[in-house]
Amino acid sequence: MQVGSEKSGKPEKTEKKVTKLKAPEKTAPAAAPEGVPEKKGTQISCSRGLSSWLERHNLSFGFTSYQSGRLYLVGRLPKGRVSFHERHFVHAMGVAATPQRLYLATQYQIWRLENVMGRGATADGFDRNFVPRNAQTTGDLDAHEVGVEKGGRVIFVNTRFSCLATFSLTHSFKPLWKPPFISRLAPEDRCHLNGLAMADGEARFVTAVCKSDIITGWRDRRASGGCIMDVRSDAMVTEDLSMPHSPRLHNGQLWVLDSGRGELCRVDQQTGKREAVAFLPGFARGLAFHGHYALIGLSLPRDGSFSGLELDGELAKRDAEPWCGVQVVDTRNGDIVEWIRLTGDVRELFDVFVLPGVRCPKATGLLDGSIRNEITIENWAAGDERGENAPKIAAASA
């Protein structure tokens, strides 16, 4: 495996070992980015088949950790090695991803990162380099998940104000939709609106922890009453969830993480009936699909236990410790077929995304000194050193 850090900008080589579930291999701790206090380090281990699984399915993926402020990109290198590439973004949360572009929600901005590598180009084994090109400053809205409409407009879950919103040229945000039970927009995180499912380029479903209409009322309703709402009709699909996150539409079915119970679920869009597909040994948050596989992020409890949640009892019943990491679930039978586990400083993940057709991605971070030299020119013909094929600048009229 290789772990990339923002301090050096180069991957650190680590010894590859056969991994077992209860005795994961150890990797060298990633160096702390420049300007960030030194941490004890994070150890990353993975299932022995992860690299070949990525190769068979011709994809890579990424995940975020808002607790540690990290964007991780996972790909495959020659000779079966797995690449873990990390970059620092404060309070990194939801991601809307394509193989060429990432939108990343952070503490008070939403960043747009563009791949600057040409088609077929590689550098040090990487075939994508996502570089920050633009940031929309929203202020601290606790923006959770991000989506892109078919017309290109970016929308996001504005958790602090309990609504869906988009960018404004002059203000922090422009509200687009709020749950019907929210009486007014206020910076009170009333229901903990947190998840967004897009369909055909438009917002379709959202998740919330409850229907509270008072400041942080959701904190007293964590165990039950979690809901999915249809944005188009304002209809309530279900209220039978516990701290739901990451609603997704995939192959015509509605999926959700029933996080308080530790389950990946299918939900009938007509009846609201939920069907548990797999148990997940951690607080589930972040869900992406590829074919019949679901990639799911897991987090550790903040206070040592998932107090008041069914998940706590389910872990005890299985004599299991909670995970921080990513698990790949076969949705046909609920089996966990591949995994990544993080131990050390990183304890909580937020979002997971898939990059189909990408072998080994990396990103240029804001604290990475190389960002000063990531200079590329649009519409410049390859090999045309004199610029004869470049767009001409029209002369100003008299």
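Calculation rules
Residues numbered from 1 in each chain as written. Predicted model: local features only at pLDDT ≥ 70, side-chain atom pairs only at ≥ 80, totals over all residues. Heavy atoms only, no water. Buried < 20%, exposed > 50% of the residue type's maximum accessible area, 1.4 Å probe, protein only. Helix = DSSP H or I, 4+ residues; strand = E, 2+ residues; numbered from the N terminus. Pairing = 2+ DSSP bridges. Salt bridge = Lys/Arg side-chain N within 4 Å of Asp/Glu carboxyl O. Arc of directions from axis to C-beta. pLDDT = per-residue confidence, 0-100. Contact = heavy atoms within 4.5 Å.

> Explain the pairing of strand β27 (residues 352-356) here, please?
Remember that side chains alternate between the two faces of the sheet whenever the strand is regular. The buried count for β27 comes to four of five residues, which makes it a mostly enclosed element. Sheet topology note: the strand β4 (residues 59-65)/β27 ladder contains five bridges and is antiparallel. In the strand pairing of β27, S60 is matched with L355.

> Looking at this model, I keep getting lost on the pattern of salt bridges. Mind explaining?
Between side chains of opposite charge, pairing is possible as soon as their charged atoms come close. Tallied over the entire structure, the rule returns 24 salt bridges. Across the salt bridge formed by R87 and D368, the nearest N and O atoms sit 3.3 Å from each other. Of this pair, R87 sits in strand β6 (residues 82-88) while D368 sits in the segment after β28 (361-363), and the two are 281 residues apart along the sequence. For R87, a relative accessible area of 2% corresponds to the buried category.

> Even after reading the chapter, I still don't get helix α1 (residues 50-57), so can you show me in this structure?
Each α-helix turn comprises 3.6 residues. Residues three or four places apart therefore point the same way. Taken as a whole, α1 has its buried residues at L50, S51, W53 and L54. For α1, the buried positions fall inside an angular range of 165° around the axis, keeping them on one side. Away from the buried face of α1 by more than 90 degrees, exposed residues E55 and R56 are located. Phi turns positive one or two residues past the end of α1, at N58, with a value near 50°.

> How do you make sense of unusual backbone geometry when you look at a structure like this?
Peptide bonds are mostly trans, and most non-glycine residues show a negative phi. Notably, K79 is not glycine yet its phi reads approximately 65°, a positive angle. Along the chain, K79 turns up in the loop between β5 (70-76) and β6. According to the relative accessible area criterion, K79 is exposed, its value standing at 83%. In this structure, S162 takes a positive phi of about 55° despite not being glycine. By the element assignment, S162 lies in the loop between β12 (154-158) and β13 (163-166).

> What is the right way to look at the confidence of the model for the protein in this model?
Fine structural detail should not be taken from predicted coordinates in areas where pLDDT scores are low. Summing up the model confidence of the protein, the mean pLDDT is 87 and the portion of residues at 70 or higher is 85%. The low-confidence segment residues 7-39, where pLDDT is below 50, has 76 contacts with residues more than four positions distant or belonging to other chains. This model gives residues 384-398 a pLDDT under 50, and the stretch forms 11 contacts once residues within four places in sequence are excluded.

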